[in-house]
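Chain residues, written in single-letter form:
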Amino acid sequence: SSYPDMLFAVEEAVYLLSALKKRDFLNLVVKKMNIISVIIRDNFINQYLSDLSASTSIQIDACIDIVKTDVHVLVEILIAHLKKKDKVNLDENSRLLFKNLNLSFCYIKKPEIHRKLFSVLESIDNIKKEDLKLLLGKLEQNTALNQATYLGPFSTVALASFIPYVNPMEDLEDVIEVLTSSQMVDNLYKLIDGIWLRLRKNVDNVNESTLEQLVRIKERNGWKSVDYEYVDRLFVVSSHNPIGAKFVSLLKNCNRLVTRRGNTFHASCTEYNSADEFVENIFKKDSDLKFRIDNPDFVDISYILSITAMKGHNPDSSSMRWAASSKEVLNEVPKLHFALERWKDGKWSIFPITWCGKPTCVPSRETWCWGYIWFGDKDSNFEDLIQGNDRLVDWHPCVGSHQGCKYRFVLFVV
């Protein structure tokens, strides 16, 4: 754990990532760096990035990976870098660091450092338009958390690739049982998401016996019913997906699987007014989204969905996590189910994300794919997408860059 040893390991990882686009060694280095003393790790980071202006973007990205949620270490480096200048301004590297850091973690763990950063940023004399937009985005990220006096632990939003369940040779009844056996499927919403996605292939048949199978599974596992609002909003086009439309219709009329109890549906406070705006804010940079819960069963509670964007050419570096914030410590936090929602033709439609895996893109980062959801050029070659650990399913494009659409995340209390 001497500085020369750590320097050699990190520089080797940076080289492999830069020259060969291989991230495996960096992942190993990050793992090793997080089992050594925090003091030793932080001292290394401070020395490694002592001259931020001379650092490369890949070196900076590597350090972001190493510190994980202890972003205050890099925030202090950024503050020192900005204060070195005669006039405070954002150069290329400080802009890169500022853009890719999730400042919410700094706000939670080290609020005094968070305040110091914005105090220094107030000294900027002449600000460029793109820097102003960046600052405003971070201000929004900050205010998403500044109302809470208590923030509970973060929980991972489970996202998996659907490829094990797409084989049309498997009977739908068997697919449902395989889905149910997955450790990730711990509520009826996730099971319905998988069935809905499977039925997009239009190779199965659904009927009352399908619902009976779901009822048996629900009762066997002690799961709650899904909210009628969720089923009613599920995206389906009868002319393109008649089997999916039939499944949704059957579900809506099954009171043993669907409930109208209410107080379970909540939308994020942030909406994106185009596909480009959604991609820019969700896929290309870290974001924190706030959900206000107007439920008399909970005392002044809200939820934060924290999204870590894909770093470099590594789809597996992205993640989604959530936490509850409140003015009182919560003894019990309900389970949540997240989905994407799109506004088009005068209505909101839900697009399940449970089985979308990690978002990825083509090397130019102009076209993005999140499972069956595409944003950008629909004529892009599927083979050009950057591959992560999730094997990709070659779906027909869905959602896409439609004009006049809005996007937001929604949650349902399970």
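No experiment lies behind these values; they were computed from the predicted model shown. (Residues numbered from 1 in each chain as written. Predicted model: local features only at pLDDT ≥ 70, side-chain atom pairs only at ≥ 80, totals over all residues. Heavy atoms only, no water.)

### Some details on the overall build of the chain
Note the cut-off: Only runs of H or I of at least four residues qualify as helices and only runs of E of at least two qualify as strands under DSSP, and these elements are numbered from the N terminus. Burial classification: accessible surface area is computed with a 1.4 Å probe over protein chains only, and a residue below 20% of its type maximum counts as buried, one above 50% as exposed, and the rest as partly exposed. In what follows, a contact means two residues having at least one pair of non-hydrogen atoms within 4.5 Å. Surface accessibility in these figures is a Shrake-Rupley result with a 1.4 Å probe; residues are shielded only by whichever protein chains are displayed.
The helix and strand tally for the chain stands at 15 helices and 15 strands. Of all 414 residues assigned to the chain, the portion counted as buried reaches 53%. The long-range share in the chain, meaning contacts at least 24 apart out of those at least 6 apart in sequence, stands at 71%. Approximately 19600 Å² of the chain is accessible, and the part contributed by carbon and sulfur atoms is 48%.

### Notes on the packing of helix 10 (residues 172-181) against helix 12 (residues 208-221)
In plain terms, the rule: Fitting a line to C-alpha atoms yields each axis, with helices limited to the stretch in contact; the angle taken between N-to-C directions then spans 0 to 180 degrees. Any angle between 65 and 115 degrees counts as roughly perpendicular, while under 35 counts as roughly parallel, over 145 as roughly antiparallel, and the rest as oblique. Working rule for handedness: look at the near helix, and if it is turned counterclockwise from the far one by less than a right angle, call the crossing left-handed; if clockwise, right-handed. The nonpolar class holds Ala, Val, Leu, Ile, Met, Phe, Trp, Tyr, Cys and Pro. Asp, Glu, Lys and Arg form the charged class, and all remaining residues, Gly among them, are polar.
Where helix 10 contacts helix 12, the two axes come as close as 11 Å, and the packing angle between them is 20°. Viewed along their axes, helix 10 and helix 12 adopt a mutual orientation that is roughly parallel. Like other packed secondary-structure pairs, helix 10 and helix 12 cross with a definite hand, here right-handed. Contacts between helix 10 and helix 12 pair Glu 173, Ile 176, Glu 177 and Thr 180 from the former with Thr 210, Gln 213, Leu 214, Ile 217, Arg 220 and Asn 221 from the latter. Here the residues of the contact of helix 10 with helix 12 sort into 3 nonpolar, 4 polar and 3 charged.

### Some details on the pairing of strand 15 (residues 406-413)
A regular strand places its side chains on the two faces of the sheet in alternate fashion. Counted only if it meets this: If DSSP finds at least two bridges between two strands, the strands pair.
With 7 of 8 residues buried, strand 15 lies mostly within the body of the structure. As defined by bridge partners, strand 5 (residues 265-267) adjoins strand 15 across 3 bridges and the pair is classed as antiparallel. Residue Phe 265 lies in a different strand from strand 15, and its bridge partner there is Phe 412. Taken together, the 8 bridges between strand 9 (residues 336-344) and strand 15 define a ladder with antiparallel strand orientation.

### Describing the nonpolar core
Where we set the bar: In plain words, nonpolar cores are sets of buried Ala, Val, Leu, Ile, Met, Phe, Trp, Tyr and Cys residues tied together by side-chain atoms within 4.5 Å.
If you look at the biggest cluster of nonpolar residues, it comprises 78 residues, and the most contacted ones within it are Leu 191, Leu 305, Phe 375 and Phe 409. Counting residues per element, this core draws most heavily on helix 11 (residues 188-198), which supplies 7 residues. Of all hydrophobic cores here, the second largest spans 43 residues; its members include Met 33, Leu 103, Val 120 and Leu 134.

### What about helix 8 (residues 111-121)?
This is how the line gets drawn: This arc describes the spread of directions from the helix axis toward the C-beta atoms.
All buried positions along helix 8 are accounted for by Ile 113, His 114, Leu 117, Phe 118, Val 120 and Leu 121. Down the axis of helix 8, the smallest arc covering the buried residues is 155°, so these residues share one side.

### What about the pattern of salt bridges?
Threshold: Note on definitions: salt bridges are taken to be side-chain nitrogens of Lys or Arg within 4 Å of carboxyl oxygens of Asp or Glu.
A complete count under the given rule lists 16 salt bridges for this structure. Close ionic contact of Arg 23 with Asp 65 constitutes a salt bridge, the shortest N to O distance being 2.1 Å. Taken together, the residues span a long stretch of sequence, with Arg 23 in the loop between helix 1 (3-20) and helix 2 (24-33) and Asp 65 in helix 4 (residues 57-67) at a distance of 42 residues. Accessibility classification places Arg 23 together with Asp 65 in one group, the buried group. When the shortest N-O distance is used, the salt bridge between Lys 406 and Glu 271 registers 3.5 Å.

### Quick word on the sheet that holds strand 5
Strand order in the open sheet made by the 4 strands is 5-15-9-10, with antiparallel pairing throughout. Strands with a single pairing partner mark the edges of an open sheet, and in this sheet they are strand 5 and strand 10 (347-352). Neighbour-to-neighbour, the strand axes of this sheet turn through a mean angle of 35°, independent of strand direction. Inspection of the sheet shows strand 9 paired to strand 10 by 6 bridges, in the antiparallel sense. Note that in strand 10 the partner of Glu 341 across the bridge is Ile 350. Along the sheet face, helix 11 touches strand 9, strand 10 and strand 15 and points at about 45° away from the line of strand 9.

### Some words on the packing of aromatic side chains
For clarity, the cut-off: Stacked, edge-to-face and tilted are the three classes for Phe, Tyr and Trp ring pairs, Trp counted by its six-membered ring, which pair at centre distances within 6.5 Å; planes under 30 degrees apart are stacked, over 60 edge-to-face, the rest tilted. In our convention, an over-ring charge means Lys NZ or Arg CZ found within 6 Å of a ring centre and within 35 degrees of that ring's normal.
This model, assessed by the stated rule, comprises 21 aromatic pairs. Between Phe 278 and Phe 409, the aromatic rings sit 5.9 Å apart at their centres with planes inclined by 35°, giving tilted as the arrangement. In this pair, Phe 278 sits in helix 15 (residues 275-283) while Phe 409 sits in strand 15, placing the two residues 131 residues apart along the sequence. Classification of Phe 409 by relative accessible area gives buried; the value is 0%. Directly above the aromatic system of Tyr 228 lies the positively charged group of Arg 260, at a separation of 3.7 Å from the ring centroid. Above the ring of Phe 154, the side-chain terminus of Arg 321 is found at 4.4 Å from the ring centroid.

### A closer look at unusual backbone geometry
With phi around 55°, Asp 345 is a residue other than glycine that occupies positive phi space. Structurally, the position occupied by Asp 345 is in the loop between strand 9 and strand 10. Even without a glycine there, the phi angle at Arg 365 is positive, about 65°. Tracing the sequence through the fold places Arg 365 in the loop between strand 11 (360-361) and strand 12 (368-370).

### Some thoughts on the packing of helix 5 (residues 72-83) against helix 6 (residues 92-100)
Where helix 5 meets helix 6, the axes come as close as 11 Å, and the angle between the chain directions of the two elements is 150°. It follows that helix 5 is roughly antiparallel to helix 6 by the angle criterion. The handedness of the crossing between helix 5 and helix 6 comes out as left-handed. Residues Leu 74, Leu 78, His 81 and Leu 82 of helix 5 pack against Ser 94, Leu 97 and Phe 98 of helix 6.

### Structural notes on the side chain of Ser 317
Defined as follows: Pairing of N or O atoms within 3.5 Å defines a polar contact, subject to two protein rules: one partner must be a possible hydrogen donor and the other a possible acceptor, and residues neighboring in sequence count only if both atoms are side-chain atoms.
In this fold, Ser 317 is placed in the loop between strand 7 (301-308) and strand 8 (319-326). Judged by its relative accessible area of 18%, Ser 317 falls in the buried class. There is a polar contact of 2.7 Å between the side chain of Ser 317 and the backbone nitrogen of Lys 311. The contact partners of Ser 317, leaving out residues within four places of it in the chain, are Thr 308, Ala 309, Met 310 and Lys 311.

Without other data, these values stay purely geometric and don't point to any function.
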